[in-house]
Amino acid sequence: MCLGIPGQITAITDRDRLMAMADVSGVRREVSLAPVSDRPLEDLVGEWVLIHVGFAMAVIDADEAQETLEALRGLGEAQETLEQMAEGEKAFMEARP
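Here we summarise the structure given alongside this text. (Residues numbered from 1 in each chain as written. Predicted model: local features only at pLDDT ≥ 70, side-chain atom pairs only at ≥ 80, totals over all residues. Heavy atoms only, no water.)

Digging into the nonpolar core
Thought 1: Membership of the largest hydrophobic core is limited to twelve residues, which are I9, A20, A22, V24, V31, L33, V36, L41, L44, V49, I51 and A56.
Thought 2: Of all the secondary-structure elements, those providing two or more residues to this core are strand 2 (19–24) and strand 4 (48–52).
Thought 3: Broken down by element, this core gets its largest block of residues, three residues, from strand 2.
Thought 4: The contact partners of A22, leaving out residues within four places of it in the chain, are Q8, I9, T10, V27, R28, R29, V31 and I51. (Core = buried A, V, L, I, M, F, W, Y, C linked by side-chain atoms within 4.5 Å. Buried < 20%, exposed > 50% of the residue type's maximum accessible area, 1.4 Å probe, protein only. Helix = DSSP H or I, 4+ residues; strand = E, 2+ residues; numbered from the N terminus. Contact = heavy atoms within 4.5 Å.)

The following block contains the structure:
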């Protein structure tokens, strides 16, 4: 299974290498546009893409991007809860005689 994280393309950084800057939940990172370079690169600025291991794998609409980001936030909160439960269980087991 691969996980694509939504990011918004903010600038073209290297036209020859098909590289761009993407904003992923406030974090800027450089990504390859090679998989989605079926149009002029400038047309991708402002677009939302699914990013996997540094590659923009697909162009998506803003609604899909927001839904995916909300789902990922929910997964993060669930993971934090599971970790807290595991820590509580560990502390309980260590406190037993």
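Section: the environment of R15
Thought 1: Within the fold, R15 resides in the loop between strand 1 (5–14) and strand 2.
Thought 2: By relative accessible area, which is 47% here, R15 ends up partly exposed.

Section: the pattern of salt bridges
Thought 1: The tally for this structure, following the rule as stated, stands at three salt bridges.
Thought 2: In this structure, R17 and D14 form a salt bridge, with 3.3 Å as the shortest nitrogen-oxygen distance.
Thought 3: Residue D14 is classed as partly exposed on the basis of its relative accessible area of 23%.
Thought 4: For R39, the salt bridge goes to D38, with nearest N and O atoms at 3.6 Å.
Thought 5: Owing to a relative accessible area of 30%, R39 belongs among the partly exposed residues under this scheme.
Thought 6: The exposure class of D38 is exposed, given its relative accessible area of 66%. (Salt bridge = Lys/Arg side-chain N within 4 Å of Asp/Glu carboxyl O.)

Section: the pairing of strand 1
Thought 1: With four bridges connecting them, strand 1 and strand 4 associate as antiparallel partners. Paired with I5 across the strands is I51, a residue of strand 4.
Thought 2: Of the strand pairs in this sheet, strand 1 and strand 2 are connected by five bridges, and their pairing is antiparallel. For D14, the partnering residue across the bridge sits in strand 2 and is M19.
Thought 3: In this antiparallel pair of consecutive strands, strand 1 and strand 2, the connection spans four residues, and L18 shows a positive phi of 60°. (Pairing = 2+ DSSP bridges.)

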